[in-house]
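# A closer look at the structure
Each chain, written out:
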Amino acid sequence: MPVDLRFFRAKETFTVEQLAKLTGATCTGDTDRLISGIAAADQARSGDVCFFEGKTSALATMDLQAGACFVTADVAEALPDRTSGLIVEQPRLAHVMAANAMFDLRDWTDEGEPASVHPTAKIAPGAYIGAGAAIGERAVIGPNSVIGPGVQIGADTSIGANASIRCALIGNHVNILSGARIGESGFGVTSSPEGAVDVPQWGRVIIQDHVMIGGNTCIDRGAFTDTIVGERSKIDNLVQIGHNVVIGRNVLMASFTGISGSSTVGDGVLMGGRVGIADHLEIGEGAVLTADAGVMTNVPAGETWGGRPAKNFRQFLREVAWLQRQVKRGKKPSK
Amino acid sequence: MPVDLRFFRAKETFTVEQLAKLTGATCTGDTDRLISGIAAADQARSGDVCFFEGKTSALATMDLQAGACFVTADVAEALPDRTSGLIVEQPRLAHVMAANAMFDLRDWTDEGEPASVHPTAKIAPGAYIGAGAAIGERAVIGPNSVIGPGVQIGADTSIGANASIRCALIGNHVNILSGARIGESGFGVTSSPEGAVDVPQWGRVIIQDHVMIGGNTCIDRGAFTDTIVGERSKIDNLVQIGHNVVIGRNVLMASFTGISGSSTVGDGVLMGGRVGIADHLEIGEGAVLTADAGVMTNVPAGETWGGRPAKNFRQFLREVAWLQRQVKRGKKPSK
Amino acid sequence: MPVDLRFFRAKETFTVEQLAKLTGATCTGDTDRLISGIAAADQARSGDVCFFEGKTSALATMDLQAGACFVTADVAEALPDRTSGLIVEQPRLAHVMAANAMFDLRDWTDEGEPASVHPTAKIAPGAYIGAGAAIGERAVIGPNSVIGPGVQIGADTSIGANASIRCALIGNHVNILSGARIGESGFGVTSSPEGAVDVPQWGRVIIQDHVMIGGNTCIDRGAFTDTIVGERSKIDNLVQIGHNVVIGRNVLMASFTGISGSSTVGDGVLMGGRVGIADHLEIGEGAVLTADAGVMTNVPAGETWGGRPAKNFRQFLREVAWLQRQVKRGKKPSK
């Protein structure tokens, strides 16, 4: 998925050789190839540069399509012929350097085409609408809310007060309550010789129709792809949704629930309050996660899980009851 | 409790027959009765329409006073004579449809009587004060905060920056820190043939004198009644208080605490960080809930509870210690 | 550490005798001594008044340097000669009364020297910059953000939309995302005859260079000293950092993590989501706290801890596995 130029600004195009110079890499293969895009390894195309950190075997089986790839020397031989190699010690860090040279996040106040606001939309006093944004029919933007450049807001959608939205496409009949933060940078960090370094996030947020998003809830934009909330899903206050998360339709999420990066949630999943889901997991359709569930593995469709770490809810309840009985039996705990 | 017209707008009054037509219901009893209000079943009066989902026996023992009630066909016979029946398959959904036809939440920027701001109050630049709001003596509204239409702010009360308040009555000497969200919609969802549907929330928030509310904390307005925070209660940052919650006096709540809908908290209750309380529970006066307590049942007055699910704190500590001892005893866990 | 007059206003200076009169205390020692400052007992100097609640033996071994100290009658004899005694029943409450008479938090909109904004800085529409604030080279303040009086923002630092910052010194190359709340009052409460009373907070927040702070995260100012976030530490969305917390360099903190007052976190500590740390603890350099860890004791450097209450992560995992095995073994739980 190419970087969306409504939200980011393309600064420069590089040859593989120039990227090598920029990042201190040694290059292999076609060093004159023009690179104009950035992407994750599994999505990169011939004009993109990606990075790979892992084992030779994983790289070899990957069907990499990228035009160039930052890799460590030990795995470079596994790159396919179509991919120029950029050999460095810290591929992820080098990719960050390249990406920062190629693209910029548009500032909230970047100049550009004027915003397009439908005559029937209501923009409250103090609301800020960025360049190139589009506000649909009968949409309402509350006082002091901030809509970033290029953001699309659908018809009959309502944004509360003091909310902010950037790098996002918002559907119709969506209700976003006050103080929600949509499209902020996901939490990406890598190490460098100087210490921790932010990994910029080049993706977007997609909110489908009839979604509700509670007060002060945060939905981060994707790293390279999109964070998606499916139709009619309802999200309570103070929820955190990480980058690249994909949430299905009719999902309910109560307060303080947090979903870590790149996890997917099937249609109709129900979550009680304070559910936590680790990264890169799949929650099957119709699953129920009870309040406080701390999910560390995939959850099969239709199952009810609870506890920390989460497991089948009945097993969890049995464990709770059994432990209580053991300790109550003799008033003195056994030695 | 009638819908407060300072915060909501009455659109139309209906006969029972008209409500039936609007929602696809079959009506019984007096079909010409005028319905001008909405309420929960236990609070509805003769001019109100409510809904009931449950068993015949529960309905029969309920002393229902409503003028009309959405019910399923199987329990309709248990309605008292004074209550017209509106027979539908999904009573709650039909009630949402009726309520949406009868009332609207006032927009942040709805026109009306000018706000009344005491000459000694300080309204910072960028603050928005809605129509009909009242700001008391020496009150301070911080920069870019938003006060909704009809909101009352007492004397010597201070609102930080970027906070928003709607559908709320705020007492004297209250301190609301930056980014707090008071009076947003509670989390109410019901199902429909199209999928999940928001249940609009018609109640208010009442904040009594000398209350402190931390940064980015959310206190939702009630569904039909009020969410109440009692005198001198002190609430930390990033706390969530659901609809219809009633909190007593001198209650302390640390960060990340969440109280689910319709629970009540007695005077002087102390909560450590990240306490969770399920819905419709009662926490007795003077109880102590230790950090991370996940409360799933009522807590008696004066007791100290902890753990997830929460129990008597000593029992919880004994279980923690006993389990640790079992596993440490033999380095190999028993099979 | 003296109260920083960029953020607070000195109202009046008192003799010990006047403080006694103000608070209903009985004074001992030099009652004419001028008191112009407030501080915690371990940091107070000869011009400061502090308070002490505890045992005689603790006071006697404290090397108190304060000019005056609120104490209860039973421990007053342990005050050194250089410290005037202010004998009251509730020393902390009396100290609050004295502090409130001596200092005020500056309002967001307090008048004063005009802010100093570097010509290369970008201040977005709707942003509010308080008196005496300084905005560095190439810094960006997003739309509708609020910078309090006296706040210093370093070069190349970016503040998102709808964020607020007060009582804080922010370094260079810092990235603060939308809706973050920096420098709000810490959660301090004491009891009084009327009920719970807010303890005002007189410290600051220091954010060092290259720090990242996520959306809607809250970092409270210190009680008397500073809350500090060290260089290159990266903080996710919806995190809570309490007063006086000191965080080292290159610390990573995921969403919903909360650190209670006065705890310190060493360099390079990693925290998964929803980690909780109780107050006054030390987390050693390089420690890893896994998601959901509830830390109730100090954590040695380099160790990995998890669970609630947190312990060595392997022990935690063994306990989880052992308990599950016990309950699964016989399908009927043992009686």
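Residues numbered from 1 in each chain as written. Chains lettered and ligands numbered in written order. Predicted model: local features only at pLDDT ≥ 70, side-chain atom pairs only at ≥ 80, totals over all residues. Heavy atoms only, no water.

With that settled, the discussion passes to the overall build of chain A. The number of helices and strands found in chain A is four helices and 40 strands. In terms of its C-alpha atoms, chain A occupies a principal-axis envelope of roughly 75 × 65 × 35 Å. Counting over 335 residues, chain A shows a buried share of 59%. Long-range contacts, defined as pairs at least 24 residues apart, comprise 27% of the intrachain contacts of chain A with a sequence gap of at least 6. Here chain A displays about 12,600 Å² of accessible surface, and carbon together with sulfur accounts for 50% of that area. The averaged location of the 35 negative side-chain charges in chain A is 14 Å from the averaged location of its 30 positive side-chain charges. (Helix = DSSP H or I, 4+ residues; strand = E, 2+ residues; numbered from the N terminus. Buried < 20%, exposed > 50% of the residue type's maximum accessible area, 1.4 Å probe, protein only. Contact = heavy atoms within 4.5 Å. Areas by Shrake-Rupley, 256 points an atom, 1.4 Å probe, with all protein chains shown as cover. Lys, Arg positive; Asp, Glu negative; His and termini not counted. Charge placed at Lys NZ, Arg CZ, Asp CG, Glu CD.)

In this section: the packing of aromatic side chains. One pass over the full model with this rule turns up 15 aromatic pairs over all chains. Pairing Phe256(A) with Phe256(C) gives two aromatic rings, centres 6.1 Å apart and planes at 80°, and the pair type is edge-to-face. Placement of the pair is Phe256(A) in the loop between β31 (252-253) and β32 (258-259) and Phe256(C) in the loop between β31 (252-253) and β32 (258-259), with the two residues belonging to separate chains. The structure contains a cluster of three or more aromatic residues connected by ring pairs, namely Phe8(A), Phe103(A) and Trp202(A). (Phe/Tyr/Trp six-rings, centres within 6.5 Å; stacked < 30°, edge-to-face > 60°.)

We now examine the pattern of salt bridges. All names here are of chain A. Evaluated as defined, the whole model comprises 40 salt bridges over all chains. A salt bridge links arginine 204 to aspartate 4; the shortest N-O distance between them is 2.9 Å. Of the two residues, arginine 204 is situated in strand β24 (residues 204-207) and aspartate 4 in the segment before β1 (8-10); the sequence distance between them amounts to 200 residues. A residue is classified by how much of its surface remains accessible, and arginine 204, at 15% relative accessible area, is buried. One salt-bridge network, held together by shared partners, links Asp4, Arg6, Arg204 and Asp226. (Salt bridge = Lys/Arg side-chain N within 4 Å of Asp/Glu carboxyl O.)

Turning to the relation of the copies chain A and chain B, a few remarks are in order. Mapping chain A onto chain B calls for a screw motion: a turn of 120° about the axis and a shift of 0.0 Å along it, with 0.0 Å RMSD after fitting. Overall, the copies show the geometry of a three-fold rotation axis. (Least-squares fit on C-alpha atoms with pLDDT ≥ 70 in both.)

This part is about the interface of chain A and chain B. Frequently, the measure chosen for interface size is the accessible area removed from exposure when the parts meet. With 43 residues of chain A at the contact, the number on the chain B side is 48 residues. Counting every contact that joins chain A to chain B gives three salt bridges. Put simply, chain A and chain B have 20 residue pairs in polar contact (both at pLDDT 80 or more) between them. Listed by contribution, the elements that provide at least two residues to the side of chain A that touches chain B are β28 (234-235), β31 and α4 (313-329) of chain A. At eight residues, α4(A) tops the list of elements feeding residues into the side of chain A that touches chain B. Its residues assigned to classes, the side of chain A that touches chain B shows 19 nonpolar, 14 polar and ten charged. (Polar contact = N/O pair within 3.5 Å; in protein donor to acceptor, adjacent residues only side chain to side chain. Nonpolar A, V, L, I, M, F, W, Y, C, P; charged D, E, K, R; others polar.)

Facing the 43 residues of chain C at the interface are 48 residues of chain A. Interface area for chain C against chain A, summed over the two sides, is near 3,500 Å², with a carbon-plus-sulfur share of 59%. At the junction of chain C with chain A, the criterion picks out three salt bridges. Residue Arg308(A) pairs with Asp292(C) through a salt bridge whose shortest N-O separation is 2.3 Å. Summed over the shared surface of chain C and chain A, the result is 20 residue pairs in polar contact (both at pLDDT 80 or more). Top element by residues in the side of chain C that touches chain A is helix α4 (residues 313-329) of chain C. It accounts for eight residues. Here the residues of the side of chain C that touches chain A sort into 19 nonpolar, 14 polar and ten charged. (Buried area = accessible area lost by both parts, 1.4 Å probe.)

Residue and element names in this part refer to chain B. Taken together, nine strands build an open sheet; the order of strands is β12-β15-β18-β21-β26-β29-β32-β35-β38 and the sheet is parallel. What marks the edges here is a single partner per strand, and that holds for β12 (128-129) and β38 (294-295). Note: strand β18 (residues 164-165) against strand β21 (residues 181-182), two bridges, orientation parallel. Directly across from serine 164, in β21, lies its bridge partner arginine 181. (Pairing = 2+ DSSP bridges.)

Okay, the sheet that holds strand β27 (residues 226-229) of chain C next. Residue and element names in this part refer to chain C. Here we have nine strands laid out as an open sheet, ordered β10-β13-β16-β19-β24-β27-β30-β33-β36, and parallel in their pairing. One side of each edge strand has no neighbouring strand; the edge strands of this open sheet are β10 (116-117) and β36 (282-283). By the bridge criterion, three bridges tie strand β19 (residues 168-170) to strand β24 (residues 204-207) in an arrangement that is parallel. When the sheet's bridge partners are listed, alanine 168 is paired in β24 with valine 205.

Before going further, it helps to spend a moment on empty space enclosed by the protein. Under the counting rule described, the total for this entry stands at three cavities of 30 Å³ or more. Approximately 50 Å³ is the volume found for the largest cavity. Together, Phe51(B), Arg92(B), His95(B), Val96(B), Ala99(B), Val199(B), Pro200(B), Trp202(B) and Phe224(B) line the largest cavity. Of all the elements, helix α3 (residues 91-102) of chain B adds the most residues to the lining of the largest cavity, at four residues. Here the residues of the lining of the largest cavity sort into seven nonpolar, one polar and one charged. When we break the lining of the largest cavity down by domain, the ones giving at least three residues each are domain 1 (8-105) and domain 2 (167-315) of chain B. What the second largest cavity holds in volume is close to 40 Å³. Breaking the lining of the second largest cavity down by element, the ones donating at least two residues are β11 (122-123) and β14 (140-141) of chain A. For the lining of the second largest cavity, the residue count by class is six nonpolar, two polar and two charged. (1 Å grid on protein atoms, 1.4 Å probe; cavity = no way out; pocket = protein on both sides within 12 Å on 5 of 7 lines; lining within 4 Å. Points joined across faces, edges and corners; volume = space filled by probe spheres on them. Domains from an automatic or database assignment.)

This part is about the domain arrangement of chain A. Residue and element names in this part refer to chain A. Splitting chain A by domain gives domain 1 (8-105) and domain 2 (167-315). One C-alpha centre belongs to domain 1, the other to domain 2; they are set 29 Å apart. Taken together, the contacts link 15 residues of domain 1 with 16 residues of domain 2. Summed over both partners, the interface of domain 1 with domain 2 buries about 1,200 Å², with 72% contributed by carbon and sulfur atoms. The largest per-residue losses of area from domain 1 upon contact with domain 2 belong to Phe8, Arg92 and Leu93, which jointly make up 40% of the total buried on that side. Counting across the domain 1 and domain 2 interface gives two residue pairs in polar contact (both at pLDDT 80 or more). At the level of secondary structure, the elements contributing two or more residues to the side of domain 1 that touches domain 2 comprise α3 (91-102) and β9 (103-105). Top element by residues in the side of domain 1 that touches domain 2 is α3. It accounts for six residues.

What follows concerns α3(B). All names here are of chain B. For α3, built from twelve residues, the straight-helix expectation of 16 Å at 1.5 Å per residue is met to within 8% by its first-to-last C-alpha distance of 16 Å. Judged by how many residues are buried, α3 sits mostly within the fold: nine of twelve residues are covered. Of all the residues in α3, the buried ones are Pro91, Leu93, Ala94, His95, Val96, Ala98, Ala99, Ala101 and Met102. (Expected span 1.5 Å × (residues − 1).)

Once that is clear, we can look at unusual backbone geometry. For the peptide bond that leads from Arg308(A) to Pro309(A), omega is -5°, which places it in the cis range. The residue Leu238(A) is not glycine, and still its phi comes out positive at about 55°. As for its placement among the helices and strands, Leu238(A) is situated in the loop between β28 and β29 (240-241). Unusually for a residue other than glycine, Arg138(C) sits at a positive phi of about 60°. Summarising the element assignment, Arg138(C) is placed in the loop between β13 (134-135) and β14 (140-141).

Residues and elements named next belong to chain B. Pairing analysis gives four bridges linking strand β22 (residues 189-192) to strand β23 (residues 195-198), with the strands arranged antiparallel. Along β23, the bridge assignment pairs serine 191 with alanine 196. Linkage of β22 to β23, two consecutive antiparallel strands, is achieved through a turn of two residues.

Let us now look at the environment of Phe7(A). Residue and element names in this part refer to chain A. By the element assignment, phenylalanine 7 lies in the segment before β1. A sequence separation of 267 residues divides phenylalanine 7 from arginine 274, and the C-alpha atoms of the two residues are 32 Å apart. Those residues in contact with phenylalanine 7 that sit more than four places away from it in its chain are Asp104, Leu105, Arg106, Pro149, Gly150, Val151, Cys167, Ala168, Leu169 and Arg204.

The next thing to look at is the packing of helix α1 (residues 16-23) of chain C against helix α3 (residues 91-102) of chain C. Residue and element names in this part refer to chain C. With their axes 10 Å apart at the nearest point, α1 and α3 run at an angle of 115° to one another. Taken together, the axis directions place α1 and α3 in an arrangement best described as roughly perpendicular. Crossing angle aside, the handedness with which α1 passes α3 is right-handed. Residues Leu19, Leu22 and Thr23 of α1 form the contact with α3, whose own contacting residues are Ala94, Met97, Ala98, Ala101 and Met102. (Axes fitted to C-alpha atoms, helices over the stretch in contact; angles between N-to-C directions. Parallel < 35°, antiparallel > 145°, perpendicular 65-115°, else oblique. Left-handed = near helix turned anticlockwise from the far one by under 90°.)

For chain A, mean pLDDT is 96; residues scoring 70 or higher make up 98% of the total. In the predicted complex, the global pTM is 0.97; the interface-specific ipTM is 0.96. (pLDDT = per-residue confidence, 0-100.)

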